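Fold and contact review
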Amino acid sequence: MLEQERLEWELTRGEWAYEPHDRETALQGGELARQREGDRVIIDRPPDTQVNQSEPIAPGLPEVGVRREVRVAGIRVAGRRRRPSGEKAALRGDLQTSGRVWLLGGIIMIVLWISLFAFPATSDWWTRQDTALLQKIVDIRSSALTSIADAVAVLGSSWFLRILRIGTLLALIFVHRWRHFFAMVLAILLVQGAVEFIGYVVGRPRPFVEIIGSWNGPSHPSAPVAGLGVTLASMAYVITATGRWRRIALIVSGVLVTFLILAQMYMGVDHPSDAVVSAIFSLAVTVVLFRWFAPEHAFPVTWTRGVAAHLDVTGARGEAIKRAVGEQLGLEVLEIKPFGLEGSGGSTPLRLKVAGDPEQHVFAKLYSHTHLRSDRWYKVGRTILYGSLEDEVRFSSVRHLVEYEDYIQRLMSAAGVPSAEPLGIVELAPEREYLMVSEFLEGSEELTDAEIDDEIIDHALRVIRSMWDAGLAHRDIKPANVMLNEGRVVLIDVAFGTVRPSPWRQAVDLANMMVILALRTDAHRVYQRALLQFAPEDLAEAFAATRSVTLPSQSRSSLALIKKEQGIDLVDEFRSLAPPTEPISIQRWSPRRLRLAAGALLLALFALAMAVAEFTGGGIL
């Protein structure tokens, strides 16, 4: 018989309890008594209550609506809130008010096009109005105004637009902003394609006034006006960040397009309806496309050549993170700071300061479509260069990616691999952005920055041994992911981990860990300690499989520095200590690799041909 049963579950590093919404609600009835301890309600069982010890004691839910509290490493995670159906996610990806206005403008343009050309009566009416307005403008022509109009008409010339477009696209390539690059190209192609198609279908003749400017093809839509509109609007979106400067850029773009419209009308080249409809259409397409295809919160404008995986966590995204973490984990976020960016290339690592007594920190990794696409292209590139080195998970969505990492993290924890305690997954935007929150290892340091003794070497190698025995591989053993915390070696960032990996992959994990340990000690010492847990053949296989490509860039840089300063090649030293073994080839051939390589070659040739055409005066720009 149990004297007392509390609804409080002791975990390895945490405890469970229950807390009513208003902290005044307790279970009703005479079976259970209520006792208050701090912020929690402890449910006690009367002493005379009999308990069947053959059945597991489960906490249950005291009542509907009672909220759960969990403490992990001293962090109180409570007050989780369910987002009701129909409520928008924390991070919204909609068009916003201005985007909807331009979308409405595009719809209005479609209605105007129908009225212009679908019905003879309305078409005749528009033509009469256009001609009457143009005739008034023709009557005020003078040599001075004609010179001004000729100068302004340069804004719509093909060579001027080509300079603006190619210059902007080259700048985007230089800073690796590929999303903005393709958004601008797509906007130009959509507008130019629509102009050519409508011009071919409608075939509207030029105005019935004296024309003093150059022209080509049908009158409607106005190709120069549409070309300038889409070019300037795209430049405003890729050059300036959202806010005051972008508004100024869009206003300047609108003024320049207006000047070109007046010049085209003055020279009698375009009907007023041709120019105005083309301007509004090109601007509407550009604004809606950028809001949908390259929203600012996901693809911020920056001119530094940073890692594409490191997203901006200020502004709308920062507020969304605070709100979502508060609603879904019950943590009040006081501050968001990027953390450890130099060691991360596949996510945006963050340190969150959360309210408490005292205030504490938690660690978070932000994942978005940017990281999902990067992961896919990374795997495609590896397949082209090396083939199928091992079975890798191909993620179908960002949700799938974070679910997989959470699964691997818990699987490794069950296998005895020390890591940070997970606190939960936070949804910022369904299927698009998620935040993985875990314990922050206060006072930890990279293994390569710590003083290493034999006990730490043994512990680090025991971690690899544990993964081998459990049929797991980390796949990203590098200094930034191997931490020393309170005298124990901890692995972090298990996103690349895999279950039942190839022997080659497990051998590479061992070699990378031994290299990290040797950076702070020496190869002979690490090798001798490794013999306590691995066979000599295991160590020989590990370094027979080691190449430059199997070593993370952070480890390669450290190895190169030691070789330069001390003349020591640690990898060669390990190979000389291990039994002689033939190098293990990392090249794997498959039909998929051949298909991808052929497709990449054809794409590169096509891109080269397009670039040559653009610089020689042809092409699509």
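Values in this document were obtained by computation on a predicted structure and should not be read as measured data.

1. Considering the overall build of the protein
Secondary structure assignment for the protein yields 18 helices and 16 strands. Residues classed as buried in the protein amount to 47% of the 621 residues present. When the accessible surface of the protein is summed, it comes to about 31,000 Å², and 59% of that surface belongs to carbon and sulfur atoms.

2. Let's talk about the confidence of the model for the protein
Looking at the protein, the pLDDT average stands at 80 and 81% of residues meet or exceed 70. Across residues 1-67 the pLDDT falls below 50, and counting only partners more than four positions away or on other chains, this stretch makes 111 contacts in the model.

3. As for the pattern of salt bridges
Opposite charge on two side chains permits pairing when their charged atoms draw close. The tally for this structure, following the rule as stated, stands at 18 salt bridges. Its salt-bridge partner being Glu405, residue Lys365 comes within 2.8 Å of it at the nearest N-O pair. Of this pair, Lys365 sits in strand β9 (residues 360-368) while Glu405 sits in helix α11 (residues 398-414), placing them 40 residues apart in sequence. Among the residues examined, Glu405 registers a relative accessible area of 4% and is labelled buried. Salt-bridge contacts for Glu431 lead to Arg399; the nearest nitrogen and oxygen are separated by 2.7 Å. Within this pair, whereas Glu431 is found in the loop between β10 (422-429) and β11 (433-439), its partner Arg399 is found in helix α11, the two being separated by 32 residues in sequence. Judged by its relative accessible area of 29%, Arg399 falls in the partly exposed class.

4. Let's talk about the packing of aromatic side chains
Enumeration over the complete set of coordinates arrives at 11 aromatic pairs. Here Tyr237 and Phe290 contribute two aromatic rings whose centre-to-centre distance is 5.3 Å and whose plane-to-plane angle is 20°, an arrangement assigned as stacked. In this pair, Tyr237 sits in helix α6 (residues 223-239) while Phe290 sits in helix α8 (residues 272-293), placing the two residues 53 residues apart along the sequence. Clustering of aromatic rings is evident, with ring pairs tying together Trp178, Phe181 and Phe182. The positively charged end of Arg244 is found above the aromatic ring belonging to Trp245, 5.2 Å away from the centroid. Sitting above the plane of the Trp589 ring, Arg593 keeps its charged end 3.8 Å from the centroid.

5. Here's the deal with the environment of Thr448
You can see Thr448 is positioned in the loop between β12 (445-446) and α12 (454-470). Here Thr448 falls in the buried class, since its relative accessible area comes to 15%. Separated by 107 residues in the primary sequence, Thr448 and Ser555 have C-alpha atoms spaced 9.9 Å apart. Leave out the neighbours within four places in its chain, and Thr448 touches Pro479, Ile516, Leu519 and Arg520.

6. Some remarks on the side chain of Gln409
Structurally, Gln409 can be placed in helix α11. Its relative accessible area of 11% is what places Gln409 among the buried residues. Among the polar contacts made by the side chain of Gln409, one reaches the main-chain carbonyl oxygen of Ala420 at a distance of 3.3 Å.

7. Focus: the sheet that holds strand β15 (residues 488-491)
In space, the three strands of this open sheet follow the order β12-β14-β15, with antiparallel pairing throughout. The sheet terminates laterally at β12 and β15, the two strands that pair on one side only.

8. Thoughts on helix α5 (residues 178-202)
Note on helix geometry: an α-helix contains 3.6 residues per turn, so any two residues three or four positions apart are oriented the same way. With 25 residues, α5 should reach 36 Å at 1.5 Å per residue; the first-to-last C-alpha distance of 36 Å fits that figure. All of the buried residues in α5 are His180, Phe181, Ala183, Met184, Val185, Ala187, Ile188, Val191, Ala194, Val195, Ile198 and Gly199. Of the residues one or two after α5, Gly203 is the one with positive phi, at around 60°.

9. Some remarks on the environment of Ala542
Considering the arrangement of structural elements, one finds Ala542 in helix α15 (residues 536-544). Through-space distance from the C-alpha of Ala542 to that of Val508 is 5.6 Å; in sequence the pair is 34 residues apart. In this structure Ala542 touches Ala507, Leu510 and Ala511, once residues within four positions along its chain are discounted.

10. Notes on the sheet that holds β9
Strand-to-strand pairing in sheets goes through backbone hydrogen bonds, with the strands running parallel or antiparallel. In space, the five strands of this open sheet follow the order β7-β8-β9-β11-β10, with antiparallel pairing throughout. Both edges of this open sheet fall to β7 (333-338) and β10, since each of them pairs with a single strand only. In this sheet, adjacent strand axes meet at a mean angle of 25° when their direction is disregarded. Strands in contact with helix α10 (residues 369-386) are β8 (348-354) and β9; relative to β9, the strand with the most contacts, it is inclined by about 60°. Along the sheet, α11 makes contact with β9, β10 and β11, crossing β11 at roughly 15°.

11. A word on the packing of helix α13 (residues 503-520) against α15
Each packed pair of helices is defined by two parameters, the angle between the axes and the distance between the axes. Close contact between α13 and α15 brings their axes to 8 Å; oriented N to C, the two are set at 90°. In terms of axis orientation, α13 runs roughly perpendicular to α15. When α13 is examined against α15, the residues Pro503, Ala507, Leu510, Ala511, Met514 and Val515 are found in contact with a partner set consisting of Asp538, Leu539, Glu541, Ala542 and Phe543. Each residue belonging to the contact of α13 with α15 can be placed in one class, and the counts come to nine nonpolar, no polar and two charged.

12. Details of the pairing of β10
Burial within β10 is extensive, with seven of its eight residues counted as buried. As paired elements, β10 and β11 share six bridges and run antiparallel to each other. Residue Ala429 lies in a different strand from β11, and its bridge partner there is Glu433. Between the antiparallel neighbours β10 and β11 lie three residues, among them Glu431 with a positive phi of about 70°.

13. A short note on the nonpolar core
Ranked by internal contacts, the top residues of the largest apolar core, which has 57 residues, are Leu447, Leu461, Leu510, Met513, Met514 and Leu517. With 10 residues, α13 is the largest single contributor of residues to this core. Each residue touching Leu517, except ones within four places of it in the same chain, is listed here: Leu447, Ile452, Ile457, Ala460, Leu461 and Val526. By size, the runner-up hydrophobic cluster in this structure holds 54 residues, among which are Leu116, Ile137, Ile188 and Leu232.

14. Thoughts on the side chain of Asp274
Relative to the elements of secondary structure, Asp274 occurs in helix α8. Its relative accessible area of 0% is what places Asp274 among the buried residues. Here Ser219 takes part through its side chain, which lies 2.3 Å from a polar atom of the side chain of Asp274. Within polar-contact distance, the side chain of Asp274 engages the side chain of His220 at 2.7 Å. Apart from the residues lying within four places of it in its own chain, the contact partners of Asp274 are Arg204, Ser219, His220, Pro221 and Ser222.

Conventions adopted
Residues numbered from 1 in each chain as written. Predicted model: local features only at pLDDT ≥ 70, side-chain atom pairs only at ≥ 80, totals over all residues. Heavy atoms only, no water. Helix = DSSP H or I, 4+ residues; strand = E, 2+ residues; numbered from the N terminus. Buried < 20%, exposed > 50% of the residue type's maximum accessible area, 1.4 Å probe, protein only. Areas by Shrake-Rupley, 256 points an atom, 1.4 Å probe, with all protein chains shown as cover. pLDDT = per-residue confidence, 0-100. Contact = heavy atoms within 4.5 Å. Salt bridge = Lys/Arg side-chain N within 4 Å of Asp/Glu carboxyl O. Phe/Tyr/Trp six-rings, centres within 6.5 Å; stacked < 30°, edge-to-face > 60°. Lys NZ or Arg CZ within 6 Å of the ring centre and 35° of its normal. Polar contact = N/O pair within 3.5 Å; in protein donor to acceptor, adjacent residues only side chain to side chain. Pairing = 2+ DSSP bridges. Expected span 1.5 Å × (residues − 1). Axes fitted to C-alpha atoms, helices over the stretch in contact; angles between N-to-C directions. Parallel < 35°, antiparallel > 145°, perpendicular 65-115°, else oblique. Nonpolar A, V, L, I, M, F, W, Y, C, P; charged D, E, K, R; others polar. Core = buried A, V, L, I, M, F, W, Y, C linked by side-chain atoms within 4.5 Å.

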